[in-house]
Amino acid sequence: MRPRGYTGMTEQDEECISIDAPVPVSRSSGHPKCMPCHGTRLLTSPMVGVVMGLIALTYVPYVIMNTRNDLPAQVCRVIFHILLGLLIGSYLQTVFVDAGTPPDWWQVEAAQNPNSPVCQKSGLFKPPRSHYDSITKRLVLNMDHFCPWVANTVGFYNRKYFVLFLIYAALTCTFAAVTIVVFFRDQTFPTVGCRKAKTCPSSIMLFALIFDAIFGLLLLCFAGVHIHMVLQNQTTIESDGVHFNVGMRKNWEQVFGTQPIFWFLPVWGGGPDGDGVTWPAQTQPAHNC
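A short tour of the structure in this document, coming up. A quick note: this is a predicted structure, and the numbers were derived from the prediction, not measured. (Residues numbered from 1 in each chain as written. Predicted model: local features only at pLDDT ≥ 70, side-chain atom pairs only at ≥ 80, totals over all residues. Heavy atoms only, no water.)

## Regarding the overall build of the chain
Next, step 1: When its secondary structure is counted, the chain shows nine helices and four strands.
Next, step 2: Ordered by position from N to C terminus, the α and β elements of the chain give α-α-α-α-α-β-β-β-β-α-α-α-α.
Next, step 3: Burial statistics for the chain: of 289 residues in total, 46% are counted as buried.
Next, step 4: Residue pairs in contact within the chain that sit at least 24 positions apart in sequence constitute 66% of those at least 6 positions apart.
Next, step 5: Accessible surface for the chain amounts to roughly 14,600 Å². Of this, 67% is attributable to carbon and sulfur atoms. (Helix = DSSP H or I, 4+ residues; strand = E, 2+ residues; numbered from the N terminus. Buried < 20%, exposed > 50% of the residue type's maximum accessible area, 1.4 Å probe, protein only. Contact = heavy atoms within 4.5 Å. Areas by Shrake-Rupley, 256 points an atom, 1.4 Å probe, with all protein chains shown as cover.)

Structure, rendered in structure tokens:
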């Protein structure tokens, strides 16, 4: 049986696979592809420029307009640039990495089982925890949501990068707000003479402080929610189920991978643990360790 919309292996390819000999199942399907372009993605692509513009609202006053150049200021700038680099790297990975769709080998394997569920909208065999994205018109592995801020769907292969983007955006804004108050307060609050000027550097620094404080607080809450869902093996779509909760460590590895050295870096690092189509289910109460 070939599902409607399947364009992977040909009938000749499937004939070469013996029904008695199951298709080998790999826990990893390799590095994902770049997310393909489509109408909605092109329409939301200006949001990438908006995000970079928001970053500039902090970068310009904090780095370019900041005249303080002693050791504490230089240390703050180094830390700020490290956090900013991790933020931008995580963001770009979220934008460009494909969230993942059911692989061809799994479609062939599912075709051998008459009870395999079929997605009525895409016509593909539907793996567990996959969902149809009505915006991109694709069946997405372990779909979380479509995010217009990244012009992409968040799913199995790029969820790590999305969570890291939230974490580093929150840390960058919070760090900037705190250090502006502690180290750059003499450049933050306008003097009497400066208030009369049309362009006042300290007024711009004050704006950066308010901007970073508000966004830092919001992003800390948002990042905390998504970290909690990762630890519980939930998504925004599957937020009320505990069936796939196999313990915090294993839940975390299914998003961030099995190599701790790469957990907080926006790099592939072996990818998430699993293949996105087979999921260990909870058979007893999960031990969160």
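Structure shown, so let's carry the discussion forward.
## Some remarks on unusual backbone geometry
Next, step 1: Of note, Lys 137 is a non-glycine position whose phi angle comes to about 60°, a positive value.
Next, step 2: Looking at the element boundaries, Lys 137 is found in the loop between β1 (131–133) and β2 (138–140).
Next, step 3: Located in the positive-phi region is Asn 233, a residue other than glycine, with phi close to 55°.
Next, step 4: Relative to the helices and strands, Asn 233 is located in the loop between α8 (201–231) and α9 (248–256).

## Things to note about a nonpolar patch on the surface
Next, step 1: On the surface, a cluster of nonpolar side chains totalling about 370 Å² of accessible area is made up of Ile 210, Ile 214, Phe 215 and Leu 218.
Next, step 2: Using a relative accessible area of 47% as the deciding quantity, one classes Ile 214 as partly exposed. (Patch = residues over 30% accessible without salt bridge, like charges linked within 9 Å, V, L, I, M, F, W, Y side chains within 5 Å. Salt bridge = Lys/Arg side-chain N within 4 Å of Asp/Glu carboxyl O.)

## Section: empty space enclosed by the protein
Next, step 1: Applying the stated criterion across every chain yields a total of one cavity of 30 Å³ or more.
Next, step 2: Taken as a whole, the largest cavity holds about 50 Å³ of empty space.
Next, step 3: What lines the largest cavity is Phe 156, Tyr 157, Asn 158, Arg 159, Lys 160, Tyr 161, Val 255, Phe 256, Trp 268, Gly 271 and Pro 272.
Next, step 4: Sorting the residues of the lining of the largest cavity by element identifies α6 (159–183) and α9 as the ones contributing at least two each.
Next, step 5: For the lining of the largest cavity, the class distribution of residues is seven nonpolar, two polar and two charged. (1 Å grid on protein atoms, 1.4 Å probe; cavity = no way out; pocket = protein on both sides within 12 Å on 5 of 7 lines; lining within 4 Å. Points joined across faces, edges and corners; volume = space filled by probe spheres on them. Nonpolar A, V, L, I, M, F, W, Y, C, P; charged D, E, K, R; others polar.)

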